[in-house]
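# Working through the structure, step by step
Here's the letter readout for the chains.
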Amino acid sequence: MPAPAYTGRFAPSPTGALHAGSVVAALASWLDARAHRGRWLVRIEDVDVRRCTPGAEAQILLQLQALGLVADEPPMRQTERTEAYDVALARLVQAGQAYPCGCSRRDVDAALAAAGVVHAREAERVYPGTCRMGLGGRAPRAVRLLTCGPDASAQVVRWHDRRLGPQQQDVAREVGDFVLRRADGPYAYQLAVVVDDAAQGVTHVVRGEDLADNTARQILLQRALGLAAPTYLHTPLVRGADGFKLSKQNGASAADTRDPVRTLELAAQVLGLEVQGAPRGSPQAFLDACVQAWRQAWCER
Ligand code: GLU
């Protein structure tokens, strides 16, 4: 059977119920798939089991169902995908594109300080490449992707976002060799998401703008693994009263699905969809109107 021309997905982490912000991402990815007459999948991103909360997956699936956002296949779970991540990581290590790292956080801080690099206390540290040439007698902890070329040249990744326009990131300079498997065991989101998107034949990624910053890293990984890159559209974020994006971490409340059309209407507003006067009798009728509006806004230009 030929691969579907369009496959989209919504990939929630089951760290809590969907909130107003994650409903926006779910709705947008569902709408884009329906507007393209494509396939829409749900993937449960439970790769970091310690962050998951019991019952969250079931709650998310019930919320999606109540909103009428129904997937075309049963959900895939990352906890069932370890073998595929093992294979991908082994390929990268064998090809010299990934390497074991023996540095603790303290070692990284010390190496950065020695190099005179000052960073904000909470800021991500750009890994200085200490273990690129070998572990220097240290025990292996994490595994990292080699982000610079063999001649240490930087790799500027350029990509296009359907909403945000042209984007670029010098991953080697701005992020450094990032972690693919963590010292404490689990695979990193970056590796899991790239392997899973490819395995599921995802052609279009539609997700929240807070994840846009990960895209260049994911494109580097796709290239290293010889995988096709999907197209990307990052959706506007919902901000709380404090101006920060809503997140489970800052206590955003679960999206209320007792009035599903009201919840969808709020999400459609964030997406700037013109659906005034849309039928409000059932989620399906409202969603049909949204598909039309989405097609005009995002598929016909
Ligand atoms: N699991 C991620 C999250 O819930 C989303 C990953 C993605 O869409 O690429 O933030």
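Just above sits the structure.
Residues numbered from 1 in each chain as written. Predicted model: local features only at pLDDT ≥ 70, side-chain atom pairs only at ≥ 80, totals over all residues. Heavy atoms only, no water.

### Details of the overall build of the chain
Test applied: Helix numbering and strand numbering both begin at the N terminus, where a helix is a DSSP run of H or I of at least 4 residues and a strand a DSSP run of E of at least 2. The globule rule used for comparison is 2.2 Å times the number of residues to the exponent 0.38, while the radius of gyration itself is calculated over C-alpha atoms. Note on exposure labels: buried denotes an accessible area under 20% of the residue type's maximum, exposed denotes more than 50%, and partly exposed covers the range between, all computed with a 1.4 Å probe on protein chains only. By the convention used here, residues are in contact when the closest approach between their heavy atoms is within 4.5 Å.
From N to C terminus, the chain includes nine helices and ten strands. A compact globule built from 301 residues should have a C-alpha radius of gyration of about 19 Å, and the chain, at 20 Å, falls within 12% of that. Along the first, second and third principal axes, the C-alpha atoms of the chain reach 65 × 45 × 35 Å. For the chain, with 301 residues in total, the buried portion stands at 48%. Here the analysis covers contacts within the chain between residues at least 6 apart in sequence; of these, 76% occur between residues at least 24 apart.

### Looking at the side chain of Arg-43
Among the structural elements, Arg-43 can be located in strand E2 (residues 39-44). Of the residues examined, Arg-43 reaches a relative accessible area of 0% and is grouped as buried. Apart from the residues lying within four places of it in its own chain, the contact partners of Arg-43 are Arg-9, Phe-10, Ala-11, Pro-12, Met-76, Gln-78, Val-193, Asp-196, Asp-197 and Gln-200.

### Remarks on the packing of aromatic side chains
Applied cut-off: Pairs were defined over the aromatic rings of Phe, Tyr and Trp, the Trp ring being its six-membered one, requiring ring centres within 6.5 Å. Orientation was assigned from the angle between planes: stacked under 30 degrees, edge-to-face over 60, tilted for the rest. Two thresholds decide whether a charge sits over a ring: the Lys NZ or Arg CZ must be within 6 Å of the ring centre and within 35 degrees of the ring normal.
For the structure on display, the rule yields three aromatic pairs. When the ring of Trp-159 is compared with that of Tyr-232, the centres are 5.8 Å apart and the planes differ by 70°; the resulting orientation is edge-to-face. Residue Trp-159 is found in strand E6 (residues 156-161), and its partner Tyr-232 is found in strand E10 (residues 231-235); the two are separated by 73 residues along the sequence. On the basis of relative accessibility, which here comes to 2%, the residue Tyr-232 falls in the buried class. In this structure, Arg-144 packs its charged tip against the face of Tyr-127, placed 3.7 Å from the ring centre.

### A closer look at the pairing of E6
Note the threshold: Two strands pair under a simple rule: DSSP has to find at least two bridges between them.
Burial of the side chains of E6 is restricted to one face: Val-157, Trp-159 and Asp-161 are buried, whereas none of Val-156, Arg-158 and His-160 on the reverse face is. With six bridges joining them, E6 and strand E7 (residues 165-170) adopt antiparallel strand pairing. Looking at the pairing, Asp-161 lines up with Gly-165 of E7. Between E6 and E7, which pair antiparallel in sequence order, lie three residues.

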